[in-house]
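Breakdown of the fold
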Amino acid sequence: MKKIFLCLLLIAGVSITCTGILFAQSAKKAKKPLVVFVTGDHEYSSEETMPLIAAALEKDYDMKTIVLKAYPDHNSEENIPGLEALKKADLAVFYLRWRLLPPEQLALIEAYLKSGKPVMGFRTTTHAFHFPEGHASEKWNAFGEFALNAPPGWGGAAKHTHYGHESSTDVSIVPEQASNPILTGVAKNFHVRSWLYRVLPDYPVKGSTWLLMGKAVNPDKEAIENPVAWTGTNSFGGKVFMTTMGHPEDFRQEPFQRLVINAIHDELGLKVPKKWKGRIDIRVPYRVAQ
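Now for a description of the structure that goes with this document. Nothing here was measured: the structure is a model prediction, and the numbers come from that model.

1. What about the packing of aromatic side chains?
Scanning the entire structure with this criterion turns up 17 aromatic pairs. Arranged with centres 5.3 Å apart and planes meeting at 75°, the rings of Phe94 and Phe143 form a pair that is edge-to-face. Taken together, the residues Phe94 in strand β3 (residues 91–96) and Phe143 in helix α4 (residues 143–148) connect sequence positions 49 residues apart. For the pair Phe94 and Phe143, a shared accessibility class is recorded, and that class is buried. Ring centres of Phe122 and Phe256 lie 6.4 Å apart, and the angle between their planes is 70°; on these two criteria the pair is classed as edge-to-face. Highlighted residues: Phe122 in strand β4 (residues 119–122) and Phe256 in helix α5 (residues 254–267), separated in sequence by 134 residues. By relative accessible area, which is 1% here, Phe122 ends up buried. Aromatic rings pair up to connect Tyr44, Tyr95, Phe122, Trp195, Phe251, Phe256 and Tyr286 into one cluster.

Structure follows, in structure tokens:
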């Protein structure tokens, strides 16, 4: 009788353990990844395009999102409230231009970067910060380089520039990357309104993988082809996806929309969806920069 009782206890224990494991696995599987968008630029309306991308992620791709914006408006360079959200983020997406954030806000971004979690950036995030020479936070001017494998700010030794606001860009897939999951369903060739950024010859940093190349159309000076999207690992060990595209009209293009959705999945370590949920309705104006 005693042996039977012990056997029953053993069976019950195993059953409870298995149930606990299954419950934990189910809870883990049910946890939605959190994507935090950090916006603040003078001209590209990122505070309007990023919420539309975020809404699509929540509606069609089972993710949670938070969109942070410069306050009180996009031209406010010294305040992006809510950066504490980065503490729980699984992916941080930056669309910034020439910010002058206070040390306590920069510390929240730095803590995220040092966690080694993935980072994604759009266009002017190559020059996300613009502190004056000698400022205590001047190192942040090189955010593009240490966070996104991009040039360390505008101009300078890297000669980071563009080919004129009247130009646009023909984009093509780098042939060797045709089977890259991030390019799933992305047209081999497409056109965007963004004027091409020059990042060569020294960027993206060595070790980055070029995904898409851009050729300037109607440039205002002699132009060379430049990578417009790349991946890699940043100086903190985090996965990187960076694109120098990001004009509001670019977001109307289905190939660009798909690239963005694919890249977000890849950054999160998720399988890139083979089935496209359809074009996202993005009609956001471009503003002339200050």
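Now that the structure has been shown, the text picks up again.
2. Structural notes on the environment of Asp220
Looking at the secondary structure, you find Asp220 in the loop between β9 (209–217) and β10 (226–233). For the pair Asp220 and Tyr163, spaced 57 residues apart in sequence, the C-alpha to C-alpha distance is 5.5 Å. In this view, Asp220 contacts His162, Tyr163 and Gly164; residues no more than four positions away in its chain are not counted. Polar side-chain contacts of Asp220 include one of 2.8 Å to the side chain of Lys221.

3. Focus on helix α3 (residues 103–114)
In an α-helix, one full turn covers 3.6 residues, which means residues spaced three or four apart are oriented alike. The end-to-end C-alpha distance of α3, which contains 12 residues, comes to 16 Å, matching closely the 16 Å that a straight helix rising 1.5 Å per residue would cover. Buried positions along α3 lie against β3, β4 and α4. Taken from the residues just after α3, Gly116 is the one with a positive phi, measuring 80°.

4. Things to note about the pairing of strand β11 (residues 239–243)
Counting buried residues in β11 gives four out of five residues, a clear majority hidden from the surface. Direction of pairing for β4 relative to β11: parallel, over a ladder of four bridges. Counted as the bridge partner of Gly121 is Met242 from β11. Both β10 and β11 contribute to a ladder of five bridges, which runs antiparallel. Its bridge partner lying in β11, Thr231 is registered against Phe241. Taken together, β10 and the strand that follows it, β11, pair antiparallel across an intervening segment of five residues, in which Gly237 is found at a positive phi of about 90°.

5. Some points on helix α2 (residues 46–60)
Over its 15 residues, α2 extends 21 Å from the first C-alpha to the last, a length consistent with the 21 Å expected when each residue adds 1.5 Å. Along α2, the residues that are buried comprise Ser46, Glu47, Thr49, Met50, Ile53, Ala54, Ala56 and Leu57. Residues of α2 that are buried make contact with β1 (34–40), β2 (64–68), β3, β4 and α5. Looking at the residues trailing α2, positive phi occurs at Asp62, about 55°.

6. A few points about the pattern of salt bridges
Taken as a whole and judged by the stated rule, the model has 12 salt bridges. Across the salt bridge formed by Glu48 and Arg287, the nearest N and O atoms sit 3.9 Å from each other. In this pair, Glu48 is assigned in helix α2 and Arg287 in the segment after α5, connecting sequence segments 239 residues apart. Residue classification places Arg287 among the buried positions, given a relative accessible area of 18%. Salt-bridge contacts for Arg279 lead to Glu254; the nearest nitrogen and oxygen are separated by 3.5 Å.

Reading the values: the criteria
- Residues numbered from 1 in each chain as written.
- Predicted model: local features only at pLDDT ≥ 70, side-chain atom pairs only at ≥ 80, totals over all residues.
- Heavy atoms only, no water.
- Phe/Tyr/Trp six-rings, centres within 6.5 Å; stacked < 30°, edge-to-face > 60°.
- Helix = DSSP H or I, 4+ residues; strand = E, 2+ residues; numbered from the N terminus.
- Buried < 20%, exposed > 50% of the residue type's maximum accessible area, 1.4 Å probe, protein only.
- Contact = heavy atoms within 4.5 Å.
- Polar contact = N/O pair within 3.5 Å; in protein donor to acceptor, adjacent residues only side chain to side chain.
- Expected span 1.5 Å × (residues − 1).
- Pairing = 2+ DSSP bridges.
- Salt bridge = Lys/Arg side-chain N within 4 Å of Asp/Glu carboxyl O.

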